[in-house]
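# Fold and geometry: a report
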Amino acid sequence: MSSLYADVALPVPMRTLFTYRIPAGLAALCRPGALVQVPMGRGTRTGVVWRLTERPSWSEGEVREIADVLESTPLLSETMRRLLEWMAGYYMQPLGGVVATALPGAMGYKRSLRVVWCGEVRKGAKGGAGFLRAPESADSELHDLPKGVQAMAEAIRARKKGLGEETLARKFGRKRLRVRLKSLERAGVVTITEQWSAKHGRKKGKGDSEQGSDPLSHASEGVPEEAQHVEAIPQQLTQEQQTACDAISAALQREGQGTFLLEGVTGSGKTEVYFTVMIEALALGGQVLILVPEISLTPQLVRRYQMRFQQEVAVLHSRLNPKARFERWHAIRDGRARVVIGARSALFSPFQSLNLIVVDEEHDGSYKQEEGVRYQARDMAVVRGRMEGAVVVLGSATPTLESLHNARTGKYHSLHLTSRATGVELPPIERVDLRRDIQESRMNRDDLLGPDLRTSLSDTLERQRQAILFLNRRGFAPSLLCVRCGHMVECPNCAVALTFHKRKRRLICHYCDHHHPPMDLCPECGQMSVIPFGPGTEQLEEEVRALWPEARVARLDRDTVGADRDHLERTLEAFRTRKVDILIGTQMVAKGHHFPGVALVGVVLAETSLSMPDFRAAERTFQLVTQVAGRAGRESGSDGEESGARVLVQSLDPDHYALSAASNHDMAAFSEAESAFREMAGYPPYQRLALIRFSCLVQSQGEAFARKVSENLPGGNDLLFLGPAPSPLSRLRGRYRWQVLVKSLREGALHRTLPAVMQRLETFSGSRIRLSVDVDPHAFL
């Protein structure tokens, strides 16, 4: 009988599949998509069988055998393998790395031992064969074992189910551990079995989810009975909502793929549209995937889905331990989980019959992965929908220009919700010119709140309503500055200023976490002239508490939340139930929350996002202002203006077109102005971009490599190479960084030419240079 071979995708930085012979005993289990353990070098790796062949694809040496099949039921369907191949080609990444991104837990298998007490001790264990005694004599006979293993034997005997190798290594040390265990086995006191098990990356921390016994979420836990009743009842649809649902439902009924861009103002009821079409999709026997930007920032949204769909919802998030994540994957693959909600990695879930994908807040930047395989989950959702024959719905109040362009050119179907579902008017947005207030001495230069915002806040508190203050910069001040010599205290590892955190009495780098106490003397000139410089949410909180000492104030940013995600949910719930009067925060407070009592939103300084070195800075500013403004004036049954709901946007450049369009709730005007700039400058959606990045620990080595890169970039009319040049953030975590911006001047030129360029650069990059490419980049720092 001729041998069968398997081409296996392994999580290694090589752009190839690896060929292995399939042993006869594993032939029935080894199939495309199966998880296998294979030898590589002196060790073993976990990989995915990509395809079976009758002849080896590699013939330059010995073809080794697959060691074991870990999961015979394929974790990756044929459609998913096609999707991952497409991703590897589009993002110019090794296939194994893409597979590891899609299956992060499954790729971490290892061989381990489990040691179980036998219940008998062999007399003369120190040397001779001896004889067996009854279990009750074990205590008196443990001393017959070698002294170096007696404590270990006692620990194993105390656990009826035995102990794993890792547990024993932690208790008794890893050195010669297997030798010691073998001596116990020879003494006849233990049995040792070998098994494959999943690695548990990190230790379980506070707030980590177990939920191993039931991979589907219990929706009603901790939710008041009245809230359960309200959320479970479908709401009456407006005419615009019904029109949108009809269009999506028709596509579902046709079993035809299609992508819809659902553009709806804040509070227009996009979620109710999702609910309605999800019911339709489930009735047709399908499964539904809901992607949200950050699962930890949207507990209210998750709870709403859980209330409506009860036990059918499986929630995927980073707080799941590997066991719980693996169990949920099985529930999805087996069809027990009909609705899945999660952040970008949920895109790779192994659905049986996926027929609807919803990407909520499709504009959000967190859908783009910035490490490893830099994929855009929103775009990959569209690709997966096309491959699965599923309907895709992209929803947002502020769609990206790329999505709007796709709708205008007919790639997406446009749907619009132009008014709030409750009939409440959108709140007026007023731009406040801080230059005027400072010039007229209406506020001090150190104040964060101008007179108009202070007056509005006082009025809001007097009416016992709530307010949100938005400042997209955490800490007390972005830097410490010497007013004598102008020196700014920088991180020793990164080319950025250290942020001053007053409450912690620390200067902290938000990139590498370097920190040390603040200094009084300038390290450059030695003078006592160092002051906090610039605004931050901690400073804003201090100012608010000083002005309104009786107000109940809470702050939400990465510093207050940290690793305790329960703090986030507690704070949001306290604000929702009106136990907090003023909520201060970064973009965490703009993430689709529904707070009926909010009558005032204050954007403290719009320049924090406008001043970023990024061609999308204006777009992100428009989106942030519009999204946070949408938290105001949602009180059911009231008119926005009559209830006094308003939004104040403080700025030193209030006439900027992004702020002007946001103040008029005019997405079309912003899109028109921004599109004209993008088309003229050759930016997406009119030209495709890629960013070649490289870094190293020694600056001179990076400069030498930059010269080589410059010499090896091709000419021609297909691609425009800008650089290499130092990155705006020229040093990060001790590594010096450069980049080359690549513009595609012709349709398809990027993928025709750039892979060969990257392959050539990889040949002389060496081990000291870290080289990567980012297709459709979102971050340029």
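Owing to the predicted nature of the structure, the values given are computational and were not obtained by experimental measurement.

On a plain count of helices and strands, the protein chain comes out with 24 helices and 30 strands. Look at the contacts in the protein chain between residues 6 or more apart in sequence, and 75% of them connect residues 24 or more apart. When the accessible surface of the protein chain is totalled, it reaches about 35,200 Å², and 49% of it is carbon and sulfur.

This paragraph deals with the pattern of salt bridges. The final tally for this structure, using the stated rule, is 31 salt bridges. Between E362 and R378 there is a salt bridge; the shortest N-O distance is 3.6 Å. Taken together, the residues span a long stretch of sequence, with E362 in the loop between β13 (354–360) and α12 (377–388) and R378 in helix α12 at a distance of 16 residues. Put simply, E541 and R503 hold a salt bridge, and the shortest N to O gap is 3.3 Å. You can see E541 sitting in helix α16 (residues 537–547) and its partner R503 sitting in the loop between β19 (499–501) and β20 (506–508), a full 38 residues away along the chain. Residues joined by salt bridges that share partners form a network here, namely R503, E541, R545, R555 and D557.

Now for the sheet that holds strand β2 (residues 18–22). With antiparallel pairing, 5 strands are arranged side by side in an open sheet as β2-β1-β4-β3-β5. Both outer strands of the open sheet, β2 and β5 (68–71), are each paired with one neighbouring strand and no more. Going from strand to strand, the sheet's axes swing by 50 degrees on average, the running direction of each strand aside. Two strands pair when backbone bridges link them, and strand β3 (residues 35–40) and β5 are joined in this way by 3 bridges, in the antiparallel orientation.

For the rest of this paragraph, the subject is the packing of helix α5 (residues 165–172) against helix α6 (residues 177–186). For the pair α5 and α6, interaxial distance at closest approach is 11 Å and the crossing angle is 105 degrees. Between α5 and α6, the crossing angle belongs to the class labelled roughly perpendicular. On α6, the residues that touch E165, L168, A169 and F172 of α5 are L177, R178, R180 and L181. Grouping the constituent residues of the contact of α5 with α6 by class yields 5 nonpolar, no polar and 3 charged.

Within the largest apolar cluster, 113 residues are counted, with the highest numbers of intra-cluster contacts made by W50, L84, M87, V99, I468, V742 and L754. Leaving out residues up to four positions away in the same chain, W50 has contacts with D7, V8, A9, L17, P32, L76, R81, L84, E85, L95 and V99. Formed by 33 residues, the second largest nonpolar core is a distinct cluster that contains A251, L252, V339 and L415.

Bringing the side chain of R420 into the picture now. For R420, the position within the fold is in the loop between β15 (413–417) and β16 (429–433). Here T266 takes part through its backbone oxygen, which lies 3.0 Å from a polar atom of the side chain of R420.

A cluster of nonpolar residues, L720, L722 and L745, forms a patch on the protein surface that exposes about 230 Å² of accessible area. Note that L722 resides in strand β28 (residues 719–732).

The buried category is assigned to R378, whose relative accessible area is 4%. Side chain to side chain, R378 and D379 meet in a polar contact 3.0 Å long. Apart from residues no more than four positions distant in its own chain, R378 is found in contact with V359, E362, Y367, L394, T400 and S403.

Bringing the state of the cysteines into the picture now. Going through the model one piece at a time under the given rule, you end up with 0 disulfides. Left unpaired, C491 is separated from the closest cysteine sulfur, that of C512, by 3.6 Å. On the basis of relative accessibility, which here comes to 5%, the residue C491 falls in the buried class.

Confidence in the prediction for the protein chain averages 84 pLDDT; 87% of positions are at 70 or higher. Taken together, the stretch residues 200–214 has pLDDT below 50 and engages in 29 contacts with residues farther than four places along the chain or on a different chain.

This part is about helix α22 (residues 667–681). Taking 1.5 Å per residue, 15 residues should reach 21 Å; α22 reaches 21 Å between its end C-alpha atoms and fits that length. Looking at α22, one finds that the buried residues are M667, F670, S671, E674, S675 and R678. With its buried residues spanning 125 degrees around the axis, α22 presents them on a single face. Exposed residues on α22 whose side chains face more than 90 degrees from its buried face are E672 and M680. Structurally, α22 contributes buried residues whose contacts are with β9 (258–264), α13 (401–408), α20 (617–629) and α21 (657–663).

Three or more residues of α6 are buried, namely L177, R180, L181, S183 and L184. Buried positions in α6, seen along its axis, are confined to an arc of 155 degrees and lie on one side of it. Where α6 terminates, the next one or two residues include G188, which has phi positive at roughly 80 degrees.

It is worth spelling out the sheet that holds strand β29 (residues 735–744) at this point. Whenever strands of a sheet pair, they do so through backbone hydrogen bonds, lying parallel or antiparallel. If you trace the 4 strands from one edge of the open sheet to the other, you get β28-β29-β27-β30, paired in antiparallel fashion. Taken across any chain shown, the strands that pair with only one partner, and hence form the sheet edges, are β28 and β30 (770–775). Direction aside, neighbouring strands of the sheet carry axes that sit 20 degrees apart on average. Lying on the sheet, helix α24 (residues 749–763) is in contact with β27 (689–696), β28, β29 and β30; it crosses β30 at an angle near 175 degrees.

With respect to the secondary-structure elements, D776 resides in the segment after β30. By relative accessible area, D776 is classed as buried at 16%. In contact with D776, other than residues within four places in its own chain, are Y90, K368, R688 and L689. Separated by 3.4 Å, the side chains of D776 and R688 make a polar contact.

Before going further, it helps to spend a moment on unusual backbone geometry. For the peptide bond that leads from P684 to P685, omega is 10 degrees, which places it in the cis range. Cis peptide bonds are those with omega within 30 degrees of zero, and the linkage from G723 to P724 qualifies with 10 degrees. For P724, the position within the fold is in strand β28. A positive phi angle is found at E361, which is not glycine, with a value near 50 degrees.

Here H751 is to be found in helix α24. Using a relative accessible area of 28% as the deciding quantity, one classes H751 as partly exposed. Counting along the chain gives 24 residues from H751 to V775, while the straight-line C-alpha distance between them is 9.6 Å. Not counting chain neighbours up to four residues away, the residues in contact with H751 comprise G89, Y90, M92 and V775.

Judged by side-chain charge, R159, K161, R170 and K171 come together as a positively charged surface patch. Note on placement: R170 falls in helix α5. The exposure class assigned to R170 is exposed, which follows from its relative accessible area of 61%.

Right, let's talk about the packing of aromatic side chains for a bit. Counted by the stated rule, this structure contains 14 aromatic pairs. Geometrically, the ring pair formed by W86 and Y90 is stacked, given 5.0 Å between the ring centres and 10 degrees between the ring planes. Linking W86 with Y90, this pair stays in helix α1 (residues 78–90), spanning 4 residues, or about one helical turn. W86 sits in the partly exposed class, given a relative accessible area of 31%. Ring centres of F476 and F500 lie 5.8 Å apart, and the angle between their planes is 75 degrees; on these two criteria the pair is classed as edge-to-face. Here the residue F476 occupies a position in the loop between β17 (466–470) and β18 (479–482), and F500 occupies one in strand β19, the gap between them amounting to 24 residues. In terms of burial, F476 and F500 fall into one category: buried. Of the aromatic side chains, those joined through ring pairs into one cluster are F615, F677, Y683 and F780. One cation-aromatic arrangement involves K743 over Y683; the distance from NZ or CZ to the ring centre is 4.4 Å.

Cut-offs and rules
- Residues numbered from 1 in each chain as written.
- Predicted model: local features only at pLDDT ≥ 70, side-chain atom pairs only at ≥ 80, totals over all residues.
- Heavy atoms only, no water.
- Helix = DSSP H or I, 4+ residues; strand = E, 2+ residues; numbered from the N terminus.
- Contact = heavy atoms within 4.5 Å.
- Areas by Shrake-Rupley, 256 points an atom, 1.4 Å probe, with all protein chains shown as cover.
- Salt bridge = Lys/Arg side-chain N within 4 Å of Asp/Glu carboxyl O.
- Pairing = 2+ DSSP bridges.
- Axes fitted to C-alpha atoms, helices over the stretch in contact; angles between N-to-C directions.
- Parallel < 35°, antiparallel > 145°, perpendicular 65-115°, else oblique.
- Nonpolar A, V, L, I, M, F, W, Y, C, P; charged D, E, K, R; others polar.
- Core = buried A, V, L, I, M, F, W, Y, C linked by side-chain atoms within 4.5 Å.
- Buried < 20%, exposed > 50% of the residue type's maximum accessible area, 1.4 Å probe, protein only.
- Polar contact = N/O pair within 3.5 Å; in protein donor to acceptor, adjacent residues only side chain to side chain.
- Patch = residues over 30% accessible without salt bridge, like charges linked within 9 Å, V, L, I, M, F, W, Y side chains within 5 Å.
- Disulfide = S-S within 2.5 Å.
- pLDDT = per-residue confidence, 0-100.
- Expected span 1.5 Å × (residues − 1).
- Arc of directions from axis to C-beta.
- Lys, Arg positive; Asp, Glu negative; His and termini not counted.
- Charge placed at Lys NZ, Arg CZ, Asp CG, Glu CD.
- Phe/Tyr/Trp six-rings, centres within 6.5 Å; stacked < 30°, edge-to-face > 60°.
- Lys NZ or Arg CZ within 6 Å of the ring centre and 35° of its normal.

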